[in-house]
Amino acid sequence: MDTYLIRTFGCQMNKHDSERVAGLLRAQGMRPVENAEDADVIVFMTCCVRENADERLRGQVASLKVLKPGGVGGPVIAVGGCIGQRDGQRLLDQLPHVDVVFGTHNISHLPVLIDAAYSQRKPQVEVLDESFEFASDLPGEREHPWHAWIPITVGCDNFCSYCVVPYVRGRERSRPLEQIVSQVEALVADGVLEVTLLGQNVNSYGRDLYGEPRFAEILRAVARTGVARVRFATSHPKDLSDATIAAMAEEPAVMPYLHLPVQSGSDRVLDLMNRVYTRDDYLGLVERLYSAIPGLALSTDVIVGFPGETEDDFNRTMDIVQRCHYDQAFTFIYSPREGTPAAEMDGAVDRAVVQARFDRLVEVVQASALNNNRRLVGTVTEVLFEGPSKRDPLILTGRTPGNKVAHVPVPPGRCADDFAGRILPVIIEEAQTWFLSARLGTNS
Ligand code: SAH
Ligand code: SF4
């Protein structure tokens, strides 16, 4: 087997895990390809947080049937990540073209499982209840040479009532602080400019290892490795400390961007969701953040149509979203997940009502994003360039400190690829809802 293709669904943790899968397959002497027809091995890294991710996987695997007429020959198809962990053997029963099922705790075994499936011509299923490894200790194949995902915790102890993550990723476990810092130091020496610290709730980092959260400390330590940019996700509002806000405000390498999921603006719904904060707690936190961190860009997650959500509950969500003037919000229609407490709750909201609420919310979010972006016109900021934009090879794309996409024309006579992985100042000229148009240079 010479070639592989990885398809990744879901969150940043899955993107990180996919980079490890790529590293493992490369170490076997395999190389990546872009089309399923050319691949000897196809790996799906899956997500089961919402129903549509489940459906996408099933659709994509079904579309590969043509490569395995009668179920024989063709590529080895492996399904891992959260759906693999949740469904195990059940997946093989439902999708007979799948050859390997693995979970979230045994990524390092994938090459062995693929080999066994191939040589024995027999499907392999291996799902473990607990991790004996941190995937970040495995060799990786970074998507961008200048960026690295760094899990600082895996798993989650929060059990928000709608969420399947604690069941498929296990209990929260932190990696030792020194290990993370030396990994970042090595990455910086290897040319990495930006790291994103990952965890389902980074703010509780260290609680299991040290008896108390030490997120502010790890943030400062990573920021002082010489890496140009530090980002992190996700922050649970109940655990975001003043020490972390101070680290964000004081460490120049920590980017002024925060993803702070609110989920709902109604105390009644927040309680049913088991989020353990009130709307006033959240609003107070946002006020402290905006006053401590100049130019902070804020994003959030919102769930619409949680069981029993009334018009009044939803109006409170609209109100909190307006008050927080987010730069971006990921809005989700509630989807019941088997095995979670919310799936047993009464009060399913009518689909049409949910859709209408969702549309109203999206409108408010877009208006707020555009309004924030307009205020940036005329200012100078720094962009970390990723390369040419997908739509236009003459436009460079990159990210501002606030994580906004910036589009910049390639200077005449220059090649877009020369700019990939460089941080340069730009002047913002025009604001759109989801991106800024800018030109290279400073005002002076
Ligand atoms: N640990 C992160 C990410 C969790 S999953 C966090 O706490 O934010 C990402 C988002 O998916 C959640 O924030 C939530 O808004 C959404 N989500 C999770 N379960 C969901 C469900 N059953 N239905 C709809 N949205 C859901
Ligand atoms: Fe899910 Fe809540 Fe944990 Fe996030 S904090 S992963 S929403 S249980």
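Our structure is the block above this text.
Given the structure is predicted, the values throughout are model-derived calculations rather than measurements. (Residues numbered from 1 in each chain as written. Chains lettered and ligands numbered in written order. Predicted model: local features only at pLDDT ≥ 70, side-chain atom pairs only at ≥ 80, totals over all residues. Heavy atoms only, no water.)

A. View of the packing of helix α13 (residues 311–324) against helix α14 (residues 351–374). Here α13 crosses α14 at 10 degrees, and the two axes come no closer than 10 Å. By the angle between their directions, the pair α13 and α14 is classed as roughly parallel. Between α13 and α14 the crossing geometry is right-handed. On α14, the residues touching Glu311, Phe314, Asn315, Thr317, Met318, Val321 and Gln322 of α13 are Arg357, Arg360, Leu361, Val364 and Val365. (Axes fitted to C-alpha atoms, helices over the stretch in contact; angles between N-to-C directions. Helix = DSSP H or I, 4+ residues; strand = E, 2+ residues; numbered from the N terminus. Parallel < 35°, antiparallel > 145°, perpendicular 65-115°, else oblique. Left-handed = near helix turned anticlockwise from the far one by under 90°. Contact = heavy atoms within 4.5 Å.)

B. Representation of the site of ligand 1 within the structure. Surveying the vicinity of ligand 1 reveals 14 residues, the closest of which are Arg50, Gln200, Gln263, Asp301 and Ser335. Between ligand 1 and glutamine 263 there is a distance of 2.7 Å, counted from an oxygen atom to a side-chain nitrogen or oxygen. Protein chains bury 90% of the 540 Å² of accessible surface belonging to ligand 1 in isolation. Elements represented by at least two residues in the shell around ligand 1 include exactly β13 (297–304) and β14 (328–333). Among the residues forming the shell around ligand 1, the class breakdown is seven nonpolar, four polar and three charged. (Near = heavy atom within 4 Å. Polar contact = N/O pair within 3.5 Å; in protein donor to acceptor, adjacent residues only side chain to side chain. Areas by Shrake-Rupley, 256 points an atom, 1.4 Å probe, with all protein chains shown as cover. Nonpolar A, V, L, I, M, F, W, Y, C, P; charged D, E, K, R; others polar.)

C. Representation of the sheet that holds strand β12 (residues 257–259) within the structure. What the three strands build is an open sheet, ordered β12-β13-β14; its pairing is parallel. For this open sheet the edge positions go to β12 and β14, each flanked by a neighbour on one side alone. Between one strand and the next, the sheet's axes are offset by a mean angle of 10 degrees, whatever the strand orientation. Direction of pairing for β13 relative to β14: parallel, over a ladder of six bridges. Counted as the bridge partner of isoleucine 303 is phenylalanine 332 from β14. (Pairing = 2+ DSSP bridges.)

D. Main features of the site of ligand 2. All residues adjacent to ligand 2 are Cys156, Asn158, Phe159, Cys160, Tyr162, Cys163, Val165, Pro166, Gln200, His236 and Arg275. Residues that form the shell around ligand 2 fall into these classes: seven nonpolar, three polar and one charged.

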